[in-house]
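Results of the structural survey
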Amino acid sequence: MSATPVAPPSLPLPLQPWRQWLEGFDAEIVAALGEWLLRLAPLLGNGSARVQAPSPEPDGLGELASRGQYQRLLLSEWGLADLAPDEFLRRAANGEHLFLAPTPIRPRSDPRMVVVFDAGPAQWGDARLVHVALWILLWRHAQTQRAQLQWGLAHLPGELHAVEAPQDLLKMLRGRTHAVAEASHWLAWHAVLQPSSPHIGERWCIGGGQGVSGDAGFTHAARIHTGWDAQLQVRMGPRAALRTLALPRLAAAPAARLLAGEFLHRPARADSSSAKGRFSLRQPPLFSPNGRSVAVALAGRNGAFQLRLPEPGQRKVHAGRYHEWAAQSQMLAATTWDKVFGGITCDADHLYFWKLQGQSTQPRPEPEVFTVRPGVPQWLPIALLYAGGKRHSVAVIDHARQLLVWPAPIPGDPASKRGPLRVAGDVLALHQANPQGVVYARVEGIYVGVHQLDSRGNSSPRARLLATDRTRAVWFGGTQRGSGFQTCCVEHRDLDGLCVLTLYDAGCGQVGLAKLPVDWKRIGLIQAGNNEGVWQMLVLRADRRTLVAVGTGTQTVIHTSSDDIMAASVSDCGRRIAILGMGGELLVLALGTDPEAHTVLARVRGTGDAHAT
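Presented here is a report on the structure given in the accompanying data block.

Rules behind the numbers
- Residues numbered from 1 in each chain as written.
- Predicted model: local features only at pLDDT ≥ 70, side-chain atom pairs only at ≥ 80, totals over all residues.
- Heavy atoms only, no water.
- Axes fitted to C-alpha atoms, helices over the stretch in contact; angles between N-to-C directions.
- Helix = DSSP H or I, 4+ residues; strand = E, 2+ residues; numbered from the N terminus.
- Parallel < 35°, antiparallel > 145°, perpendicular 65-115°, else oblique.
- Contact = heavy atoms within 4.5 Å.
- Nonpolar A, V, L, I, M, F, W, Y, C, P; charged D, E, K, R; others polar.
- Buried < 20%, exposed > 50% of the residue type's maximum accessible area, 1.4 Å probe, protein only.
- Pairing = 2+ DSSP bridges.
- Core = buried A, V, L, I, M, F, W, Y, C linked by side-chain atoms within 4.5 Å.
- Expected span 1.5 Å × (residues − 1).
- Bend = angle between axes of the 7 residues up to and from the residue.
- Left-handed = near helix turned anticlockwise from the far one by under 90°.
- Salt bridge = Lys/Arg side-chain N within 4 Å of Asp/Glu carboxyl O.
- Phe/Tyr/Trp six-rings, centres within 6.5 Å; stacked < 30°, edge-to-face > 60°.
- Patch = residues over 30% accessible without salt bridge, like charges linked within 9 Å, V, L, I, M, F, W, Y side chains within 5 Å.
- Areas by Shrake-Rupley, 256 points an atom, 1.4 Å probe, with all protein chains shown as cover.
- Lys, Arg positive; Asp, Glu negative; His and termini not counted.
- Charge placed at Lys NZ, Arg CZ, Asp CG, Glu CD.

1. What about the packing of helix H2 (residues 27–40) against helix H8 (residues 252–259)?
Close contact between H2 and H8 brings their axes to 9 Å; oriented N to C, the two are set at 100°. By the angle between their axes, H2 is roughly perpendicular relative to H8. Contacts between H2 and H8 involve Glu28, Ile29 and Leu33 from the former and Pro254, Arg257 and Leu258 from the latter. The residue inventory of the contact of H2 with H8, partitioned by class, reads 4 nonpolar, no polar and 2 charged.

Dropping the structure here:
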């Protein structure tokens, strides 16, 4: 094709919502079509015809929950009430009881939005270009309403196609016909899209049906007229409240390429990958300590997909690797490095240090020693401490916020093969300082204590940060240099309920303060500019589509997604972000010196089944 691919960083911020389509167009088409999109978007309406999904219905009792009605309390809990009533009351006061929970089954609804294009002679030329703009706008409109967009041509009643890829747009453009859409065609569409049709929300008539009888059965319409001047007259919106807009005509060269379908280019390397297995949206992606690989849990199986990431500008494509652990065991904590993925798995009686060199299977500790709450899908924080040879100590924060260490066994010393050592309680964060040690942060009254831990389980204090009794979380950032981290961030809540972030440098000196709403999800610390000493918190806005870097008095949009972001994570170096969208796609970005620019390192969609390698 003659079109030149547009690099993702060059797409202007206001056009990011339509990124999936515009990144396949050349720069001239993006510049011309982008203005139309921005002007037409407000005319779409408020989506009042959206189909409401049915309420979920319970299908028996099949899960465990920490809350529920006492009629569904586990029998083992009632047994505790007889044997140890005080312990039963303590567990009730602390919300530690387990209840049988109903399994919700949501009836399949698949809400749809339908758009019908008049591809006849009255809509050739400039009007057909408006069809392209409306195609992109309605795709995004359907995404925001959790609906599937389907399209058809007026002269082919009843034939509907899904909108999924640029090739579908090309098919719509090539559907141009000499046949005129007559009243019989629109009446046939009216029968197909009658209001009583199940799960159909908005029904759009594009270009045709100029009379009341023509667009009857459609909830929305777009009527396009070509004038004698350099303007296109567009009337669109809900049928009861059409609004008029004048659009400038596109330049001849980009318009001709768009109509001819010469806008598709070969997908970039980062857009061409797929994985054999659906990605779990409950577990954030896991970076290796050096940021050179990322791992994602697979849904519905005891497995993970690991991808070695290329450097920006590198052409070599690395194939993904699949890892599976025993079907009867549960992954508690996982880590990845180079081509290896490993972690701590367990069954009812044992702990298995799967692919963690130097550790062997041990009896599962008592719950008060190593606390693991059932039903929590996120893996526990873990770090490996090199102890010489092929031996590693393992540090983990459990669900009771205890920092536990399994020391590396000493060769020839059977006494060294012991269970976990409890290093500290009230631990909020764990960060790999260097191969031989980690740093961790714990609550110490009104302070946050920063400590260093070596491979033998010995802890030494580093600093005390003044905080409040409302401290909620701590993050570390930075590569393995000297002190082991370049920055840390302490979160607490102020009296107004806002989230307050206090940033510190490597010497634990305060460098900044930021406030943000509590419903903005904190992801991790990033370096979004060319100054390595300036760190910011990456947060996900309440709309779940926008990632923002929040600093002292600054907020910079880093990435806008066309799909809901279900999970995200940041590498220790603060320069790479991994994102999991609702559609099951993994996107890995490398941040540049321009805070608003980034490079796509990988784009992988999970599908099908996977097999371990």
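Next comes the rest of the write-up.
2. Points about the side chain of threonine 471
With respect to the helices and strands, the residue threonine 471 is situated in strand E27 (residues 471–477). Threonine 471 sits in the buried class, given a relative accessible area of 13%. If sequence neighbours within four positions are ignored, threonine 471 has contacts with Leu428, Val448, Val490, Glu491 and His492.

3. What to know about the sheet that holds E27
Taken in spatial order, the 4 strands line up as E27-E28-E29-E30 in an open sheet, and their pairing is antiparallel. The sheet is open, and its two borders are formed by E27 and strand E30 (510–516), each paired with just one other strand. Direction aside, the axes of adjacent strands within the sheet are offset by 20° on average.

4. Quick word on the nonpolar core
Formed by 49 residues in total, the largest nonpolar core has its most connected members in Leu33, Trp36, Leu40 and Ile136. Element by element, the count of residues in this core is highest for helix H5 (residues 126–144), at 12 residues. When neighbours within four sequence positions are excluded, tryptophan 36 is seen to be in contact with Asp126, Leu129, Val130, Ala133, Leu232, Leu247, Pro248, Arg249 and Leu250. Counting 19 residues, the second-largest nonpolar core is a separate cluster that includes Leu298, Leu309, Ala567 and Val588.

5. As for H2
Side chains three or four residues apart in an α-helix point the same way, a direct result of the helix having 3.6 residues per turn. For H2, spanning 14 residues, the distance from its first C-alpha to its last is 20 Å, which sits close to the expected 20 Å at 1.5 Å a residue. When the local axis directions of H2 are compared, the greatest deviation, roughly 25°, occurs at leucine 33. Regarding H2, the residues found buried are Ile29, Val30, Ala32, Leu33, Gly34, Trp36, Leu37 and Leu40. Lining the buried residues of H2 we find helix H1 (19–22), H5, strand E8 (231–238), strand E9 (243–248) and H8.

6. A word on the packing of H5 against helix H6 (residues 166–173)
At a closest axis distance of 11 Å, the pairing of H5 and H6 adopts a crossing angle of 150°. In terms of axis orientation, H5 runs roughly antiparallel to H6. H5 and H6 meet at a crossing whose hand is right-handed. Residues Arg128, His131, Val132 and Trp135 of H5 touch H6, and the partners they reach there are Asp168, Leu169, Met172 and Leu173. Considering only residue class, the contact of H5 with H6 consists of 5 nonpolar, 1 polar and 2 charged.

7. Points about the pattern of salt bridges
Inspection of the entire model under this criterion finds 17 salt bridges. Across the pair arginine 91 and glutamate 77 runs a salt bridge whose closest N-O atoms are separated by 3.0 Å. With arginine 91 in helix H4 (residues 85–93) and glutamate 77 in helix H3 (residues 75–83), the pair connects residues that are 14 residues apart, well separated along the chain. Owing to a relative accessible area of 4%, glutamate 77 belongs among the buried residues under this scheme. Arginine 603 is the partner of glutamate 585 in a salt bridge, and the nearest nitrogen-oxygen pair spans 3.5 Å. Taken together, the residues span a long stretch of sequence, with glutamate 585 in strand E37 (residues 585–591) and arginine 603 in strand E38 (residues 598–607) at a distance of 18 residues.

8. Section: the environment of glycine 207
You can see glycine 207 is positioned in the loop between strand E6 (200–206) and strand E7 (220–226). The residues contacting glycine 207, other than those within four sequence positions of it, are Asp118, Gln123, His131 and Ala222.

9. Focus on the packing of aromatic side chains
Tallied over the entire structure, the rule returns 17 aromatic pairs. Between tryptophan 325 and phenylalanine 341 the ring centres are 6.2 Å apart and the planes differ by 25°, which places this aromatic pair in the stacked class. On the criterion of sequence distance, the pair formed by tryptophan 325 in the loop between strand E14 (321–324) and strand E15 (330–337) and phenylalanine 341 in strand E16 (residues 340–346) is long-range, its members being 16 residues apart. A relative accessible area of 0% means that phenylalanine 341 is categorised as buried. Plain terms: the ring middles of tryptophan 325 and tryptophan 354 are 5.7 Å apart, the flat faces sit at 65° to each other, and that makes the pair edge-to-face. Note that tryptophan 325 is positioned in the loop between E14 and E15 and tryptophan 354 in strand E17 (residues 350–354), a separation of 29 residues in sequence.

10. A word on a positive patch on the surface
The grouping of Arg292, Arg308, Arg321, Lys339 and Lys355 at the surface amounts to a positive patch. Mapped onto the fold, arginine 292 is located in the loop between strand E11 (286–287) and strand E12 (293–297).

11. Side note on the sheet that holds strand E20 (residues 392–397)
Spatially, 4 strands are ordered E19-E20-E21-E22 in an open sheet, and the strand pairing comes out antiparallel. Lying at the two open borders of the sheet, with one neighbouring strand each, are strand E19 (382–386) and strand E22 (421–424). Across the sheet, the axes of successive neighbouring strands diverge by a mean angle of 25°, strand direction being ignored. As judged from the 5 bridges shared by E19 and E20, these two strands associate in the antiparallel manner. Residue pairing for E20: isoleucine 382 is matched across the bridge by valine 396.

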